[in-house]
Amino acid sequence: MDFSQEELFDACDRLVHGLLDRAGVTKPPVDALRIADDHLGIPVEVVEPEEDDPDAPPRRRRPSAGIVLNPHMSEEQRQLAGAQGIARLLLPDLLQKLDIVPGSETKQAATHLRGLLAGRVLVPTRLLRAALRQHKYDVPALHAEFRTARLEAVALRLLDLDSPCVIAVVDDGVVAVRRGNATAVDRKLTRAEQACYDAVAEQELHHRVRLDGWTADGWPVPGRRFRRVLLRAVPDEI
């Protein structure tokens with residue numbers, strides 16, 4: 001694929017911002033289900049999940065061209081499903097902007113591109129930059145603005161911006177996710193991140209640690225079945 005990451009992000013942003021402008025969305029939060037149903041005409045249906053019955057014959061459900069929800073989904077899960085439905089609709093336009101013949105992309109590439117679009121539907125770059133002017137990099141405060149997205153999703157969108165940082169999600173002491181936007185990173189926490197995680201896990205409050213040339217902020221993630229801590233670390237010298 002003959003395009004840079006900057007060109008890819010710009011194409012995604014232009015598509016999503018154009019859609020939101022036409023839908024009249026000027027500030028967060030973004031209601032993806034309303035846009036999908038009212039503005040794009042994507043059918044949204046609520047379907048009861050099938051009960052597990054080993055004696056019952058398997059039932060075939062025809063694939064849905066719309067957005068399928070189940071009544072047990074949280075509001076964040078419903079909104080993510082809506083954003084994913086919008087991303088499926090926008091994908092052919094994105095491929096054309098990138099000079100890729102729709103249908104020629106790999107399954108992995110299609111999944112990646114839909115993920116970029118869906119993330120931007122709920123946390124649009126233009127609105128995120130505007131929110132940063134007020135809230136800086138206070139992730140829970142940003143999440144309060146973009147509350148239709150998960151807190152972790154809001155944090156990971158910060159990786160698409162210019163400011164170098166590393167975002168990590170730690171579950172009960174195990175690093176589930178750790179990504180950076182300046183250099184390649186692995187799942188090993190720096191000493192600053194580890195010290196910050198330890199303090200947040202113990203106190204269940206925001207904490208900041210400066211150590212070894214890094215500044216790490218950490219926040220407890222509420223509403224999870226396990227102890228989850230979100231970390232954002234930045235190098236002191238940029």
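Structural data are supplied above this passage.
(A) Quick look at the packing of helix α1 (residues 5-23) against helix α2 (residues 32-39). Close contact between α1 and α2 brings their axes to 11 Å; oriented N to C, the two are set at 70°. Judged by the inter-axis angle, α1 sits roughly perpendicular to α2. Taking contact as the criterion, the partners of L19, L20, R22 and A23 in α1 are, on α2, R34, I35 and H39. Here the contact of α1 with α2 is composed, by residue class, of four nonpolar, one polar and two charged.

(B) Region of interest: the side chain of H17. Topologically, H17 is positioned in helix α1. A residue is classified by how much of its surface remains accessible, and H17, at 12% relative accessible area, is buried. Here the side chain of H17 touches R126 through a polar contact of 3.1 Å, landing on its backbone nitrogen. H17 has contacts with P124, T125 and R126, leaving out every residue within four places of it along the chain.

(C) Quick look at a negative patch on the surface. A grouping of D2, E6, E7, D99 and D162 is seen on the molecular surface, where their side chains present a negatively charged patch. One can find D99 in the loop between α3 (75-97) and α4 (107-122).

(D) Expanded view of the sheet that holds strand β7 (residues 228-235). The strand order across the open sheet formed by five strands is β4-β3-β7-β6-β5, and the pairing between neighbours is antiparallel. Across the chains shown, the open sheet's two edge strands, defined by having one partner strand only, are β4 (174-180) and β5 (207-211). Here the strands of the sheet are splayed against their neighbours by 20° on average, with no regard to which way each runs. Bridging between β5 and strand β6 (residues 214-221) involves five bridges; their strand directions are antiparallel. Bridging across to β6, V209 finds its partner in A216.

What counts and how
Residues numbered from 1 in each chain as written. Predicted model: local features only at pLDDT ≥ 70, side-chain atom pairs only at ≥ 80, totals over all residues. Heavy atoms only, no water. Axes fitted to C-alpha atoms, helices over the stretch in contact; angles between N-to-C directions. Helix = DSSP H or I, 4+ residues; strand = E, 2+ residues; numbered from the N terminus. Parallel < 35°, antiparallel > 145°, perpendicular 65-115°, else oblique. Contact = heavy atoms within 4.5 Å. Nonpolar A, V, L, I, M, F, W, Y, C, P; charged D, E, K, R; others polar. Buried < 20%, exposed > 50% of the residue type's maximum accessible area, 1.4 Å probe, protein only. Polar contact = N/O pair within 3.5 Å; in protein donor to acceptor, adjacent residues only side chain to side chain. Patch = residues over 30% accessible without salt bridge, like charges linked within 9 Å, V, L, I, M, F, W, Y side chains within 5 Å. Areas by Shrake-Rupley, 256 points an atom, 1.4 Å probe, with all protein chains shown as cover. Salt bridge = Lys/Arg side-chain N within 4 Å of Asp/Glu carboxyl O. Lys, Arg positive; Asp, Glu negative; His and termini not counted. Charge placed at Lys NZ, Arg CZ, Asp CG, Glu CD. Pairing = 2+ DSSP bridges.

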